[in-house]
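Tertiary structure, described
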Amino acid sequence: MDQIQIESLANGVEGCHIQTAQFKTSRISINLFLPIQETDVCANALLAGLLTRASADYPDFTHLNQRLNELYGATLFGDVMKFGDMQIVKFVINVLDDCYTLGGEKISQDAAELLLSMIFTPPLQNGLFSEQDFESEKRLLIEQINGEINDKRRYAITKTESALYQGEPSGISRYGDIKDAENLTNAQAVAAWKAMLQNAFVRVNIVSSTAPDAVYQKIKEYFAPLDRNAQKIDVTKKHAGRQDVLKLEEHMNVTQAKLCMAFAVSGMDDAKDKDAVRVMTDMFGGGPYSKLFANVREKQSLCYYCAARPNFQKATILVDSGILEENRQKAIDGILQQLKEMQNGNFSEDDLAASKMALTDSARTVCDSPADLDTWYALRIFENDPGIETFIGRVNSVSKEDVQRAANAVTLDTVYFLGTNGNEGGANQ
Amino acid sequence: MKTVVENKGIKEQCQIYRHKSGMNIYVCEKPEYSSAYAIFGTRYGSIDTKFRLGGDAAFTEVPEGIAHYLEHKLFESEDGDAFSRYAKTGAMANAFTSFDRTCYLFSCSSNFEDSFRILLDFVQHPYFTEETVRKEQGIIGQEIQMYDDSAPWRVLFNLLCALYHNHPVRIDIAGTIESIAQINADLLYQCYRTFYNLSNMFICVAGNVKADEVFRLCDELLLDSEPVSIERATHAEPEEIVKKSVEIKLPVSMPLFAIGYKERCEKPQKTVKERVCTEILMKILFGSDSQLYKELLDAELINDKFEAEYFTGHGYAAVLVEGESKDPQAVYEKINAAIADAKRNGVTKEQFDRARKAIYGADAAAYNSVENIVMSMVNAAFLNEGVFDEIETVKSVTLEDVNQRLREILDPAHSAISVVSGEE
């Protein structure tokens, strides 16, 4: 499985058919790529929810959900994510293939048309969204933004990223700022919806066993009357890196403290360099075979989790960990020591082979999930050859010297710590 | 002995091999998939704290959290840990302990046989000393502390403590800092010898594998063992709850709530029909197409994190409804009113048909994922049910079955609410 066919459906609209007969369902995913702009982020995040709660045929939330249940529990949702300095607004429907329905009902095309109608012809009244729906979605968005604090691991990462990318579009949260959410108006949401359809680069991913022609035809009809102004351009600028390390600390009543360390990667710009950074980051803090897991967690017992993740768009690496408050300095030293080991080439060919095998294995596993296939190809729209086997070939060509070179391109940029400051809550309650 | 079971509706089949030890091995071949997923599991979880082997005079009581502790320790052997062995095959390995089971798993897209050999080897060869056992207390202690900060975790366990007087489901799976301090190598070996007997275990594999090859490897690698009979102490659990409500404070933006409706358990396990009827009922009463959901949303009492779950295992069963709300008490009252209304009027044919279709669709779609297939085989192995019993029951239950079930469960008199609210 790795058979994809990409074609142009309209100006700045690409269809990508990922053909496979292995699943019981079909997945249609509409991905709108927009440069992150402080003024729009919130409205776009709101639209992800607002557009998927009603359609012209089912303007009532309850009726819409009843319809989805009749379509054998088709799952329909909107979401937003950050991709470098871009925001992706995503609309998805997953629906059971016709051959598995109990009475032989044909439901796939109905489900596809339902999704498209929600995005292109939402139920407007006097040019505005239903006031009740708008206010309800606005409340949910505000609660979503306020709720980021509930998951401390996620919260620590978000805070680190906003400090790390301060002044850059990536520094803005994917849901936007709470003040912007509170001030959002119905008219702004409508304007953002129109602008989105007008200006976003659109990638439609379809994971299905059947030909996408009927869905493509509908999409072409919807886009035909629009005067589109969309180009497939990656607007992301890599993070420049700091001279002096930025240090932040926050206090809260937590039992386990959180430590995040962000690193900048300088140079390493071509495709081969990025492959080296990928393998290096995995060896540093990927799986249980990594330096951070084997040493900082297992040998030194300094944290419960300690993982490193690359952000290729921004040329950064983020290490996040959950630690005992009193181990803060030891954990920082331990993490930096492991980076030093990587920089000095203190790792074996076996270590390198382990990372390559794990990266290869997890890439092939992508083929076995409609959602993973969708994400894989959506996040590789700017790559010439986004195939999974191509990826595997590239990862496996990375040498020990490449890894060491990548490690030496890494410098500490931002350190974020979330703890109790020793006098609230306490480590052991 | 090998049997093959098939489901024509979703075009799936599963092969089951009865090993001489008494263990069943389940394999679902998916040749069109790239990966495979395997679990070696035991019917042993956090609730198994008091037990005896056939022939023993007295029950043994062990510290809370020991099943989870044993899971951690089993990854170690005299010559390194299992993770470093998996590093040579590329497999992604993990393990989890729940209330009633411990499962060791890996997923891979190549070298299946090598990874499967590692799995069967380390789970069958415990190795720990007093020193290695002590060392683990740090890491598990940190895991316990991480869960202490997790509002969803705390809201659930506080609810279970409000619902259950004696059943150990009320105890945190990882135990407490104090209880794990009592764990030593002897206790771990004793639990291992009891619950890791092959007759108490199961192996389930799905994906790009050949069933006969998996069975051959099992014949080669499973050690000889005499079946044991394990008697778990029963817990005299009254129908009544402990207390109606419980509330704690943590740094959260919006109060979290968990509401539970405790159910009587005359038999240790609920039948597949009882479970399916309950799932259908929960969809009708609490699903996103229900009147209740709409009412709560319009009143700004819930957000999109509202969900219901049928929480059931050995000797416990409850319908749980969880979410976030500025006024959890008002949500509780509205839920009770909706239940009373449904009990008065019964569910309609339209509601039943829609919910059943949605659940059938979700059950069929679960076969997209080799992990989900393995999990459904694990459930079947665990409960001694057929692999496709659940999806077939979804097809065969009637409106009357569901209305009958509605009369049996969801008694507000046996319900409680747990809340985690924000700090001032």
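Computed from a prediction, not measured in an experiment: that's the story for all the values here.

Okay, the overall build of chain A next. Tallying secondary structure elements over chain A gives 15 helices and 13 strands in all. Against the 2.2 N^0.38 benchmark of 22 Å for 429 residues, chain A shows a C-alpha radius of gyration of 23 Å, consistent with a compact globule. Overall size of chain A, expressed as C-alpha extent along the three principal axes, is 60 × 50 × 45 Å. Looking at the 429 residues of chain A, the share that counts as buried comes to 58%. Counted over contacts in chain A with a minimum sequence separation of 6, partners at least 24 positions apart contribute 81%.

The subject of this paragraph is the nonpolar core. Membership of the largest hydrophobic core comes to 182 residues, with the highest contact counts inside it found for Ile30 of chain A together with Phe286, Phe306, Ile335 and Met377 of chain B. For this core, the leading source of residues is helix H9 (residues 272–286) of chain B, giving nine residues. Excluding residues that lie within four positions of it along the chain, Ile30 of chain A makes contacts with Val89, Lys90, Phe91, Leu115, Leu116, Ile119, Val202, Arg203 and Val204 of chain A. With 60 residues, the next largest nonpolar core counts Phe293 of chain A together with Met23, Ile144 and Ile183 of chain B among its residues.

All names here are of chain B. Taking strand neighbours across the sheet as the criterion, the five strands line up as E13-E17-E14-E16-E15 in an open arrangement whose pairing is mixed. Of all strands in the sheet, those bounded by a partner on one side alone are strand E13 (245–249) and strand E15 (307–313). Adjacent strand axes in the sheet meet at a mean angle of 15 degrees, parallel and antiparallel pairs treated alike. Pairing analysis gives six bridges linking strand E14 (residues 256–262) to strand E17 (residues 415–421), with the strands arranged antiparallel. By the bridge assignment, Phe257 is partnered in E17 with Val419. Against the sheet, helix H5 (residues 151–163) makes contact with E13, E14, E15, strand E16 (316–324) and E17, and its axis sits at roughly 150 degrees relative to E17, the strand it touches most.

Residue and element names in this part refer to chain B. Note that strand E5 (residues 50–53) and strand E6 (residues 60–61) share two bridges and pair antiparallel. Bridging from a neighbouring strand, Phe51 pairs with Thr60 of E6. Hairpin connection of E5 to E6: six residues between the antiparallel strands, including Gly55 at a positive phi of 100 degrees. Taken together, the three bridges between E5 and strand E12 (residues 230–232) define a ladder with antiparallel strand orientation. Paired with Arg52 across the bridge in E12 is Glu231.

Let us now look at helix H7 (residues 185–195) of chain B. Those residues of H7 of chain B not exposed but buried are Ala185, Leu187, Leu188, Cys191, Tyr192, Thr194 and Phe195 of chain B. Between the side-chain oxygen at the start of H7 of chain B and the backbone nitrogen of Asp186 of chain B there is a gap of 3.2 Å, and the oxygen is on Asn184 of chain B.

It is worth spelling out the environment of Thr158 of chain A at this point. Residues and elements named next belong to chain A. Along the chain, the position of Thr158 falls in helix H5 (residues 152–164). Judged by relative accessible area, Thr158 falls into the buried class, the value being 18%. In this structure the C-alpha to C-alpha distance between Thr158 and Gly171, which are 13 residues apart in sequence, comes to 8.9 Å.

Residues and elements named next belong to chain A. Mapped onto the elements of the fold, Asn295 is located in helix H10 (residues 291–299). In this structure Asn295 comes out as buried when scored by relative accessible area, which is 16%. Side-chain polar atoms of Asn295 contact the side chain of Gln338, separated by 3.2 Å. Those residues in contact with Asn295 that lie beyond four places of it in its chain are Gln300 and Gln338.

We now examine the domain arrangement of chain B. Residue and element names in this part refer to chain B. Under the domain assignment used here, chain B contains domain 1 (2–232) and domain 2 (245–421). The C-alpha centroid of domain 2 is placed 27 Å from the C-alpha centroid of domain 1. Contacts between domain 1 and domain 2 engage 44 residues on the former and 47 residues on the latter. Summing the contributions of domain 1 and of domain 2, the shared interface buries around 3700 Å²; its carbon and sulfur component is 74%. For the pair domain 1 and domain 2, the number of links is zero salt bridges.

Residue and element names in this part refer to chain A. Orientation of helix H9 (residues 271–285) relative to helix H15 (residues 400–408), taken along the N-to-C sense of each, is 85 degrees, at an axis distance of 8 Å. On the basis of their axis angle, the class for H9 and H15 is roughly perpendicular. Of the residues in H15, those touching H9 at Lys272, Asp273, Ala276, Val277, Val279, Met280 and Met283 are Asp402, Val403, Arg405, Ala406 and Ala407. Looking at side-chain class alone, the contact of H9 with H15 contains eight nonpolar, no polar and four charged residues.

We now examine the environment of Glu231 of chain B. All names here are of chain B. Along the chain, Glu231 falls in strand E12. Looking at Glu231, the relative accessible area reads 37%, which means it is partly exposed. Note: C-alpha distance between Glu231 and Asp48 (183 residues apart in sequence) is 9.9 Å. Those residues in contact with Glu231 that sit more than four places away from it in its chain are Lys50, Phe51, Arg52 and Phe59.

All names here are of chain A. Along its sequence, chain A is organised into domain 1 (4–223) and domain 2 (246–419). A straight line from the C-alpha centre of domain 1 to that of domain 2 covers 30 Å. Counting from both sides, the interface comprises 34 residues of domain 1 and, opposite them, 34 residues of domain 2. Between domain 1 and domain 2 lies a buried interface of about 2900 Å² when both sides are counted; carbon and sulfur atoms form 70% of it. Where domain 1 touches domain 2, the interface holds six salt bridges. Put simply, Asp374 and Arg27 hold a salt bridge, and the shortest N to O gap is 3.0 Å. Here domain 1 is connected to domain 2 by twelve residue pairs in polar contact (both at pLDDT 80 or more). The element that contributes the greatest number of residues to the side of domain 1 that touches domain 2 is H5, accounting for nine residues.

Okay, the packing of aromatic side chains next. According to the stated counting rule, one finds 36 aromatic pairs over all chains in the structure shown. Here the aromatic rings of Tyr72 of chain A and Tyr360 of chain B are separated by 6.4 Å at their centres, their planes lie at 70 degrees, and the arrangement is edge-to-face. Note that Tyr72 of chain A is positioned in the loop between helix H2 (61–70) and strand E4 (75–83) and Tyr360 of chain B in helix H12 (residues 349–365), a pairing that runs across two chains. Taking the relative accessible area as the measure of exposure, Tyr72 of chain A reaches 2% and is therefore buried. We note Lys400 of chain A situated over the ring of Phe347 of chain A; from NZ or CZ to the ring centre the distance is 5.3 Å. If you follow Arg101 of chain B out to its NZ or CZ, it ends over the ring of Phe382 of chain B, 4.1 Å from the centre.

Time to look at the environment of Glu401 of chain A. Turning to its location among the elements, Glu401 of chain A is positioned in helix H15. Note: C-alpha distance between Glu401 of chain A and Gly345 of chain A (56 residues apart in sequence) is 7.9 Å.

Should the pLDDT be low somewhere, the predicted coordinates at that spot are not to be read in detail. Taken residue by residue, chain A gives an average pLDDT of 94. The fraction at 70 or more is 98%. In the predicted structure, residues 423–429 of chain A sits below a pLDDT of 50 and forms 14 contacts with residues beyond four places in sequence or in another chain.

So, on to the sheet that holds E5 of chain B. All names here are of chain B. Judged by pairing direction, the sheet is antiparallel, and its three strands sit side by side in the order E6-E5-E12 without closing on themselves. The open sheet terminates on both sides in strands that have one partner only, identified here as E6 and E12. Packing of H7 onto the sheet brings it into contact with E5, E6 and E12, and relative to E5 it is tilted by some 60 degrees.

Cut-offs applied
Residues numbered from 1 in each chain as written. Chains lettered and ligands numbered in written order. Predicted model: local features only at pLDDT ≥ 70, side-chain atom pairs only at ≥ 80, totals over all residues. Heavy atoms only, no water. Helix = DSSP H or I, 4+ residues; strand = E, 2+ residues; numbered from the N terminus. Rg over C-alpha atoms; globule rule 2.2 N^0.38 Å. Buried < 20%, exposed > 50% of the residue type's maximum accessible area, 1.4 Å probe, protein only. Contact = heavy atoms within 4.5 Å. Core = buried A, V, L, I, M, F, W, Y, C linked by side-chain atoms within 4.5 Å. Pairing = 2+ DSSP bridges. Axes fitted to C-alpha atoms, helices over the stretch in contact; angles between N-to-C directions. Polar contact = N/O pair within 3.5 Å; in protein donor to acceptor, adjacent residues only side chain to side chain. Domains from an automatic or database assignment. Buried area = accessible area lost by both parts, 1.4 Å probe. Salt bridge = Lys/Arg side-chain N within 4 Å of Asp/Glu carboxyl O. Parallel < 35°, antiparallel > 145°, perpendicular 65-115°, else oblique. Nonpolar A, V, L, I, M, F, W, Y, C, P; charged D, E, K, R; others polar. Phe/Tyr/Trp six-rings, centres within 6.5 Å; stacked < 30°, edge-to-face > 60°. Lys NZ or Arg CZ within 6 Å of the ring centre and 35° of its normal. pLDDT = per-residue confidence, 0-100.

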